[in-house]
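Residues per chain are reported as follows:
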Amino acid sequence: MNRENFGSKLGAILAAAGSAVGLGNVWRFPIETGQNGGAAFIIIYIICIVTLGLPIMISEFLIGRYTHSNTAGAYRILSDGSPWRWVGRMGVFTGWFILCYYAVVGGWTMHYTWLSLSNSFAGVPATEFGHIFEDFTANPWLPSLWFILFIGITHLIISRGVQSGIEQFSKIMMPTLFIITLVLTVCSISLPGATAGIEFLLKPDWSKVDSSVILAAMGQAFFSLSLGMGCLCTYASYFDEKTPLAKTATHVAVIDTLIAIMAGFIIFPSVFNIGMNPNEVGAGASLTFISLPNVFQQAFGEGSLLAILFSTLFYFLLFVAALTSAMSLHEVATAYITEEFKLSRRKGTLIITGTVLILGLCCSLSFGPLSGIQLMGRNIFSLFDDFSGMVLLPLGGMLISIFAGWKLDRQLYRDEISNGGDLRTPYFRALVFSLRYIAPLAIGLVFLDQQGAFNFLKG
């Protein structure tokens, strides 16, 4: 079967960056930074990106490009029939599994974009924003309709193929995402009292740095780059032989980190402008869909044109970030099913979309009609979220680093990252050392931290 490649290096970089840049950049990174020492956390995070994130990302790129196969096929080719082939299949499952609930949140971003555009937040008391979100998610049909629309858009893009779909839309959406982020950042730091928010975000507070902060930085570095879910490996299978893998990985990491830091500049100056304690804004969905609508209304003038514009752009930014990540998650599973079962892209895309619709609707309805289905105190959505974040992603990342560091032939590794000797690789030994020793240990610690093994360190 003839496989498509990305048509340009820029397209490859933007597509890979789109996979990495997602909701976590906006609703996790700023809070982690603010609560863990500001600039001190950012410095530690960047160190973790270099020593932990980049080696694994380069390895995923290498495995994908060398085999020019879907993630499961790539590990089957390189594993010589050993059990290591299951690492690829696990990556495919992880990407598909995450998409089932991630697309639900993507639908939420579309709903809140509409609420912002229609000025529905004007005149709402601060105490009611939580009720608005709870009533929306518990609604038996509205979140499901937005979810179906979101996954439908994703389906249409993926069904168009690599160049006409993924690459073309990445070239549109990633610059759009960056421009919106830049505009929102400038607006936010122009607010009265923004200096306090900027200082909170960027002034190092080394007194807060302890082992728990380092664990948080390692976890953020790992999760932020979309490692361990097959996305980067799948996208790299569409790279041409001249694509500089290490340079591309660096570009992706820089873009991902820059967007995350700018998200902090969007949020914290607004928070400080209205005199709110940053520790009161919460995190995750609580931050994004409950605290921030109130913050933006108060900071930019309730019901004002600027408040409408700022809030609408912010939630549209979230939608774009969610969509670029959803595209890569969908493509992981689509590439697998079309290549392994010799199906057309149209049929493969339909099958993946259909399965995601079934499980995604279960996740969406778990806040309403299916809320009675609980396991270990978690609804269906939370089970999907926790199992992927606490088990599948760290386990997949650890196995990838061990496979690349110990199983792959070192000469093959050197030849791939040097493009057959055309590029200098003075970092090669450090890269292998990190893959063999630093990355598995670090991810193991993150995995244990996800299970609560180090809660005693967090007070």
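Residues numbered from 1 in each chain as written. Predicted model: local features only at pLDDT ≥ 70, side-chain atom pairs only at ≥ 80, totals over all residues. Heavy atoms only, no water.

**Student:** When you look at the environment of Gly-420 in this model, what are you seeing that I'm missing?
**Tutor:** Relative to the helices and strands, Gly-420 resides in the loop between α18 (410-417) and α19 (428-450). We classify Gly-420 as exposed; its relative accessible area is 61%. Taking the C-alpha atoms as reference points, Gly-420 and Leu-177, 243 residues apart in sequence, are found 35 Å from one another. (Helix = DSSP H or I, 4+ residues; strand = E, 2+ residues; numbered from the N terminus. Buried < 20%, exposed > 50% of the residue type's maximum accessible area, 1.4 Å probe, protein only.)

**Student:** Help me understand the environment of Ile-261, please; the structure alone is not making it clear to me.
**Tutor:** Residue position: Ile-261 is located in helix α13 (residues 245-273). For Ile-261, a relative accessible area of 18% corresponds to the buried category. On a C-alpha basis, the gap between Ile-261 and Gly-397 in space is 24 Å, while along the polypeptide they are 136 residues apart. If sequence neighbours within four positions are ignored, Ile-261 has contacts with Phe-29, Ile-42 and Leu-201. (Contact = heavy atoms within 4.5 Å.)

**Student:** Mind showing me how you'd approach empty space enclosed by the protein here?
**Tutor:** To find leftover empty space, a probe the size of one water molecule is rolled over the atoms. This model, assessed by the stated rule, comprises three cavities of 30 Å³ or more. There is about 70 Å³ of room inside the largest cavity. As for the largest cavity, its lining consists of 13 residues, and the residues nearest its centre are Val-87, Gly-91, Gly-228, Gly-230 and Ile-400. Elements with a minimum of two residues in the lining of the largest cavity: α5 (71-79), α6 (85-117) and α17 (380-407). (1 Å grid on protein atoms, 1.4 Å probe; cavity = no way out; pocket = protein on both sides within 12 Å on 5 of 7 lines; lining within 4 Å. Points joined across faces, edges and corners; volume = space filled by probe spheres on them.)

**Student:** How do you make sense of the packing of helix α16 (residues 345-365) against α17 when you look at a structure like this?
**Tutor:** What describes two packed helices is the angle between their axes and the distance between those same axes. Contact geometry of α16 with α17 gives a least axis separation of 6 Å together with a crossing angle of 115°. With respect to each other, α16 and α17 are oriented roughly perpendicular. On the side of α16, the interface is formed by Leu-359, Cys-362 and Cys-363, while α17 contributes Ile-380, Phe-381 and Phe-384. Its residues placed into classes, the contact of α16 with α17 shows six nonpolar, no polar and no charged. (Axes fitted to C-alpha atoms, helices over the stretch in contact; angles between N-to-C directions. Parallel < 35°, antiparallel > 145°, perpendicular 65-115°, else oblique. Nonpolar A, V, L, I, M, F, W, Y, C, P; charged D, E, K, R; others polar.)

**Student:** Is there a simple way to explain the pattern of salt bridges in this structure?
**Tutor:** When the charged atoms of two side chains with opposite charge come close together, those side chains can pair. Enumeration according to the criterion identifies seven salt bridges in this entry. Between Glu-416 and Arg-65 there is a salt bridge, with its nearest N and O atoms 3.3 Å apart. On the criterion of sequence distance, the pair formed by Glu-416 in helix α18 and Arg-65 in helix α4 (residues 39-67) is long-range, its members being 351 residues apart. A salt bridge links Glu-340 to Arg-76; its shortest N-O distance comes to 2.9 Å. Linking Glu-340 in helix α15 (residues 305-340) with Arg-76 in helix α5, this pair joins segments that are 264 residues apart in sequence. You can call Arg-76 partly exposed: its relative accessible area is 37%. (Salt bridge = Lys/Arg side-chain N within 4 Å of Asp/Glu carboxyl O.)

**Student:** Looking at this structure, I do not really get helix α8 (residues 142-159). What am I missing?
**Tutor:** Since the α-helix advances by 3.6 residues per turn, residues separated by three or four positions end up pointing in the same direction. Between its first and last C-alpha atoms α8 spans 26 Å; for 18 residues at 1.5 Å apiece the expected length is 26 Å, and the two agree. For α8, every residue scored as buried is listed here: Pro-143, Ser-144, Trp-146, Phe-147, Phe-150, Ile-151, Thr-154, His-155, Ile-157 and Ile-158. Tucked inside the fold, the buried residues of α8 contact α6, α7 (129-138), α9 (162-189), α15 and α16. Positive backbone phi, approximately 100°, marks Gly-161, located one or two places after α8. (Expected span 1.5 Å × (residues − 1).)

**Student:** Looking at this model, I keep getting lost on the side chain of Ser-366. Mind explaining?
**Tutor:** Its location among the elements puts Ser-366 in the loop between α16 and α17. By relative accessible area, Ser-366 is classed as buried at 1%. A polar contact of 3.3 Å, which involves the side chain of Ser-366, links it to the backbone nitrogen of Phe-381. Those residues within four positions of Ser-366 in sequence are excluded, and the remaining contacts are Ser-371, Asn-379, Ile-380 and Phe-381. (Polar contact = N/O pair within 3.5 Å; in protein donor to acceptor, adjacent residues only side chain to side chain.)

**Student:** Looking at this structure, how should I read the nonpolar core?
**Tutor:** Within soluble globular proteins, side chains that are nonpolar generally end up buried alongside one another. Counting residues in each nonpolar core, the largest one holds 150 residues, and the members touching the most others are Phe-6, Phe-61, Ile-63, Phe-314 and Tyr-413. For this core, the leading source of residues is α15, giving 18 residues. If we ignore the near neighbours within four places in the chain, the residues touching Phe-6 are Ala-12, Ala-15, Val-162, Gln-163, Ile-166, Glu-167, Tyr-235, Tyr-238 and Phe-239. (Core = buried A, V, L, I, M, F, W, Y, C linked by side-chain atoms within 4.5 Å.)

**Student:** Would you take a moment to explain α15 for this structure?
**Tutor:** The terminal C-alpha atoms of α15 lie 52 Å apart, and with 36 residues this matches the ideal 52 Å at 1.5 Å per residue to within 8%. Among the 36 residues of α15, 29 are classified as buried, and the element is accordingly described as predominantly covered. Just downstream of α15 lies Lys-342, where phi reads positive at about 55°.

**Student:** How do you make sense of the layout of surface pockets when you look at a structure like this?
**Tutor:** The calculated volume of the largest pocket comes to roughly 1,100 Å³. In this structure, the largest pocket is lined by 40 residues; those nearest its centre are Gly-24, Trp-27, Arg-28, Tyr-101 and Asp-385. Top element by residues in the lining of the largest pocket is α17. It accounts for eight residues. Here the lining of the largest pocket is built from residues that sort into 20 nonpolar, 16 polar and four charged. Estimates place the volume of the second largest pocket at around 230 Å³. The wall of the second largest pocket is formed by 13 residues, among which Val-50, Pro-55, Tyr-427, Ala-430 and Leu-431 lie closest to the centre. Broken down by secondary-structure element, the contributors of at least two residues to the lining of the second largest pocket are α4, α13 and α19. Looking at the lining of the second largest pocket, its residues break down into ten nonpolar, three polar and no charged.

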